[in-house]
Amino acid sequence: MLSLPDRRAPGFQQLAEAVADRACWLADAAGHWNLSAVEDAVEAIDNLVAALSQIDADVARALAGGPAATAAALLR
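Residues numbered from 1 in each chain as written. Predicted model: local features only at pLDDT ≥ 70, side-chain atom pairs only at ≥ 80, totals over all residues. Heavy atoms only, no water.

Observations concerning the environment of D56
If you trace the backbone, D56 turns up in the loop between helix 2 (35-53) and helix 3 (57-62). The partly exposed category is assigned to D56, whose relative accessible area is 33%. For the pair D56 and A16, spaced 40 residues apart in the sequence, the C-alpha separation amounts to 18 Å. In terms of polar contacts, D56 uses its side chain to reach the backbone amide nitrogen of D58, at 3.1 Å. (Helix = DSSP H or I, 4+ residues; strand = E, 2+ residues; numbered from the N terminus. Buried < 20%, exposed > 50% of the residue type's maximum accessible area, 1.4 Å probe, protein only. Polar contact = N/O pair within 3.5 Å; in protein donor to acceptor, adjacent residues only side chain to side chain.)

What follows is the structure, encoded as structure tokens:
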């Protein structure tokens, strides 16, 4: 389990919740993908992986395969 401080920047929790909500909306509408939507979603995933990887080295190692996986998805 991650050990993180209880304090965070104002509004940060709300931003994280909004990302999670939007991801659920995308999952619910999964049959409506087009190339532009996939590229946008992959960019979001890559940005989230980069942000989460800054937590610590263990998280970075756990997520290290993310960019290669998203790149491979775009090459299909």
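Moving on from the coordinates now.
Remarks on the environment of A72
Tracing the sequence through the fold places A72 in helix 4 (residues 66-75). In this structure A72 comes out as partly exposed when scored by relative accessible area, which is 41%. C-alpha separation for the pair A72 and P10, spaced 62 residues apart in sequence, amounts to 36 Å.

Some thoughts on helix 2
With 19 residues, helix 2 should reach 27 Å at 1.5 Å per residue; the first-to-last C-alpha distance of 27 Å fits that figure. Within the span of helix 2, buried status applies to A41, V42, V49 and S53. Projected down its long axis, helix 2 carries its buried residues within an arc of 105 degrees, all on one side. Tucked inside the fold, the buried residues of helix 2 contact helix 3 and helix 4. (Expected span 1.5 Å × (residues − 1). Arc of directions from axis to C-beta. Contact = heavy atoms within 4.5 Å.)

Some thoughts on the environment of R7
Among the structural elements, R7 can be located in the segment before helix 1 (12-28). In this structure, the C-alpha to C-alpha distance between R7 and R61, residues 54 residues apart in sequence, is 25 Å.

Everything listed is a geometric property; what it means functionally is a separate question.
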